[in-house]
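For reference, the chains in residue letters:
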Amino acid sequence: MCLLVSLFLFSCNNEEEINLGNNFYYIPFQEIVFDVTTFSGNGIYRLENNEKIPVILSDIDNYEYNSDFIVVKQNFDIKQTSRLIENMMFLPKTYFTYDKKYLDLNENYLAKLDESENNSIYSKKFTSELIENTSSIQKMKANKENYYIIEKKELKINGPLSKSEFKEMKKNLDINLKV
């Protein structure tokens, strides 16, 4: 009985998704929600036409927002990012949807995606190659600590940014939020 109760506690989380305005949401670590896709972690997504589209991937360390902006500090997690991208490509509409407006992936590799080879071995290989050949993901990996500025009204995602790029952009946009 104790083991059963322990398993239940580890798979539940009382944190709720937080509406950040203009259909952007922060989703905390919720293992139950992600069990279908084997992805776990937190992130920010945009809700469009009842579809959840990842905007900033795991692992978000801190964020702040107001009516105009969302600022985010991310400690990049390559393992969870790989799982999420694999599921967006090979299990579309299971939980998250891929949209190139919000997550910039290498278009040359995406064009190679052949659904007739949609199996777990191919999907892992394809995802690995896609990640290795996507400059924004390689920058996230190199930085390890990434920063983002979401301009909510313009639906513009700025990032991944280094700490110095982030400070400069915050200054230029006159943003007083801190992460």
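Each remark here, short or long, concerns the structure printed above.
Figured I'd write up the structure that's included with this text.

Reading guide: rules and limits
- Residues numbered from 1 in each chain as written.
- Predicted model: local features only at pLDDT ≥ 70, side-chain atom pairs only at ≥ 80, totals over all residues.
- Heavy atoms only, no water.
- 1 Å grid on protein atoms, 1.4 Å probe; cavity = no way out; pocket = protein on both sides within 12 Å on 5 of 7 lines; lining within 4 Å.
- Points joined across faces, edges and corners; volume = space filled by probe spheres on them.
- Helix = DSSP H or I, 4+ residues; strand = E, 2+ residues; numbered from the N terminus.
- Pairing = 2+ DSSP bridges.
- Axes fitted to C-alpha atoms, helices over the stretch in contact; angles between N-to-C directions.
- Phe/Tyr/Trp six-rings, centres within 6.5 Å; stacked < 30°, edge-to-face > 60°.
- Buried < 20%, exposed > 50% of the residue type's maximum accessible area, 1.4 Å probe, protein only.
- Lys NZ or Arg CZ within 6 Å of the ring centre and 35° of its normal.
- Salt bridge = Lys/Arg side-chain N within 4 Å of Asp/Glu carboxyl O.

Quantified by volume, the largest pocket comes out at close to 170 Å³. Along the walls of the largest pocket sit 14 residues, with Y102, L103, D104, G159 and P160 positioned nearest its centre. Those elements that provide at least two residues to the lining of the largest pocket are strand 4 (51-56), helix 6 (135-143) and strand 8 (156-161). In terms of residue count, strand 8 provides more of the lining of the largest pocket than any other element does, three residues in total.

On to the sheet that holds strand 1 (residues 18-21), then. With antiparallel pairing, four strands are arranged side by side in an open sheet as 1-2-3-4. This sheet does not close on itself; its edge strands, each paired only once, are strand 1 and strand 4. Strand-to-strand, the axes of this sheet are offset by a mean angle of 35°, without reference to chain direction.

The two faces of the sheet receive side chains in turn, since in a regular strand these alternate between them. Bridge count for strand 5 (residues 60-65) against strand 6 (residues 69-75) is five bridges, and the pairing is antiparallel. Among the inter-strand pairings, E64 is bridged to a residue of strand 6, identified as V71. Adjacent in sequence and paired antiparallel, strand 5 and strand 6 are bridged by three residues.

Tallying each qualifying case throughout the model produces six aromatic pairs. Seen from their ring centres, Y63 and Y65 are 6.3 Å apart, and the 20° between their planes marks the pair as stacked. Overall, the relative accessible area of 17% leaves Y63 in the buried class. Through successive ring pairs, a cluster of aromatic residues spans Y25, Y45 and F96. The residue whose ring lies beneath R46 is F24, and the NZ or CZ to ring-centre distance is 5.1 Å.

What follows covers the pattern of salt bridges. Inspection of the entire model under this criterion finds eleven salt bridges. Of the charged contacts, one joins K124 and E86 as a salt bridge, the two residues approaching to 3.7 Å between their closest N and O atoms. In this pair, K124 is assigned in helix 5 (residues 120-132) and E86 in helix 3 (residues 78-90), connecting sequence segments 38 residues apart. For E86, a relative accessible area of 16% translates into the label buried. A salt bridge links E165 to K139; the nearest nitrogen and oxygen atoms lie 2.9 Å apart. Note that E165 is positioned in helix 7 (residues 163-173) and K139 in helix 6, a separation of 26 residues in sequence. Where salt bridges share partners, they join R46, E48, D99 and K101 into one cluster.

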